[in-house]
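# Results of the structural survey
Listed below are the residues making up each chain.
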Amino acid sequence: METVKVLIIGSGPAGYTSAIYASRANLNPVVYEGNQPGGQLTQTTEIENFPGYPEGIQGPEMMDQLRRQAERFGAEIRPKTIAEVDFSSRPFKVVDEDGNTVMAETVIISTGASAKYLGLSDEEKYRGLGVSACATCDGFFYRKKNVAVVGGGDTACEEALYLATLAKKVYLIVRKDYLRASEVMQRRVREKENIEILFNCNTVGLFGEDGVEGAKIVQFKGTPQEDFFDIEIDGFFLAIGHKPNTDIFRGQIDLDAEGYIITKAPTTRTNVEGVFAAGDCADPIYRQAIAAAGTGCRAALDAERFLMEH
Ligand code: NDP
């Protein structure tokens, strides 16, 4: 059976950075890309805050560069997903989506996070028929139409601004009476003529014949000013945060209440010796590409040290 020294699960900035470091340390890392090769940044447009790109860079292009950098030093990148892990003894047993088993002396988990949904049954009903969690993937379909984005953080503002370049009108549905996004993003949203911010609003349902034609909104829910109204939209975009992709590790390593992997700061060690975690799957706070890349570096160095000691 195949045994690898360093097995990396996930191919975002954390996974590729750990692959760059581990391959340069001659550890022949194997990266399982997962079902979204390159991770969340492949769904974004311009990245303006990653150091070293004064003019900005497109998300997919940056991930392609990281991948090529990892491959240049010998990392093997497999276009597969890991379905199951057994961390009860070393080497660890890891099974891919086709049922192939790989033994790993160390594992670096960098599975990232995925977009959250509100939990409305209508989101399921209209999934792919007007409901999306990725404006850059699906925005194209809403040219000159009306759309809504739910959320008040940087992601919501970014999605709203992107959609505003395509759509006729963008509603930003915010449950509080303020935006949580950074000042610069707030300003850009406010300055955009075709974005209307609906503060103190929650979505209670969606309607439409063959796809989304509108959303049912409640404003000032549970107060004397409570008001129900509909907005006419063709697209409904979620931007309300993320959930860590850690379901397959439940029962194998310690997770917090939200499912984030608990690491022994400042290291990337988990409660299982030889298993390390990097990037958004272990980061409920910062969730930035540069922060993920930083922990990816640390995870590779932690794995290298662990292999030297064992
Ligand atoms: P955030 O957690 O920052 O924001 C989530 C937003 O969704 C909040 O406004 C929250 O409302 C709202 N929300 C959550 N649950 C619900 C719900 N059930 N119904 C309605 N609204 C809901 O997530 P982001 O994805 O925006 O950002 C995550 C991190 O990534 C942040 O640190 C952000 O700064 C960063 N980021 C940075 C970017 C950049 O620098 N260009 C781009 C994108 C993200 P409430 O405020 O009421 O809790």
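Check the entry above for the structure.
Cut-offs and rules
- Residues numbered from 1 in each chain as written.
- Predicted model: local features only at pLDDT ≥ 70, side-chain atom pairs only at ≥ 80, totals over all residues.
- Heavy atoms only, no water.
- Near = heavy atom within 4 Å.
- Polar contact = N/O pair within 3.5 Å; in protein donor to acceptor, adjacent residues only side chain to side chain.
- Helix = DSSP H or I, 4+ residues; strand = E, 2+ residues; numbered from the N terminus.
- Nonpolar A, V, L, I, M, F, W, Y, C, P; charged D, E, K, R; others polar.
- Domains from an automatic or database assignment.
- Axes fitted to C-alpha atoms, helices over the stretch in contact; angles between N-to-C directions.
- Left-handed = near helix turned anticlockwise from the far one by under 90°.
- Contact = heavy atoms within 4.5 Å.
- Pairing = 2+ DSSP bridges.
- Core = buried A, V, L, I, M, F, W, Y, C linked by side-chain atoms within 4.5 Å.
- Buried < 20%, exposed > 50% of the residue type's maximum accessible area, 1.4 Å probe, protein only.

Neighbouring the ligand are 18 residues, the closest being Gly152, Asp154, Thr155, Arg175 and Arg180. One nitrogen or oxygen atom from the side chain of Asp154 is found 2.5 Å from an oxygen atom belonging to the ligand. In this structure, Thr155 approaches the ligand through a side-chain N or O atom, which is 2.6 Å from an oxygen atom. For the shell around the ligand, the leading source of residues is helix α5 (residues 154–164), giving three residues. A per-class count over the shell around the ligand returns four nonpolar, eight polar and six charged. Each of domain 1 (2–115 + 242–309) and domain 2 (121–238) accounts for three or more of the residues forming the shell around the ligand.

The next thing to look at is the packing of helix α1 (residues 13–24) against helix α7 (residues 289–309). Contact geometry for α1 and α7: axes closest at 7 Å, N-to-C directions at 35 degrees. In the packing of α1 onto α7, the handedness of the crossing is right-handed. Judged by residue contacts, Pro13, Ala14, Thr17, Ser18, Tyr21 and Ala22 of α1 engage Ala289, Ala292, Ala293, Gly296, Cys297, Ala300 and Leu301 from α7. The residue inventory of the contact of α1 with α7, partitioned by class, reads ten nonpolar, three polar and no charged.

What follows is about the sheet that holds strand β13 (residues 195–198). Spatial strand order, β10-β17-β11-β12-β13: five strands in an open sheet with parallel pairing. Both edges of this open sheet fall to β10 (131–132) and β13, since each of them pairs with a single strand only. Across five bridges, strand β11 (residues 146–150) lies against strand β12 (residues 169–173) in parallel orientation. Within β12, the position partnered with Asn146 by the bridge is Lys169. Of the strands in this sheet, β11, β12, β13 and β17 (235–238) are in contact with α5, which crosses β11 at around 170 degrees.

Ranked by internal contacts, the top residues of the largest apolar core, which has 30 residues, are Val6, Met62 and Ile108. Of all the secondary structure elements, the ones that give two or more residues to this core are β1 (3–9), α1, α2 (59–72) and α7. Among the elements that take part in this core, α7 stands out by supplying eight residues, more than any other. When neighbours within four sequence positions are excluded, Met62 is seen to be in contact with Leu41, Ile47, Phe50, Tyr53, Ile57 and Ala289. Val30, Phe92, Ile261 and Val272 belong to the second largest nonpolar core, which has 23 residues in total.

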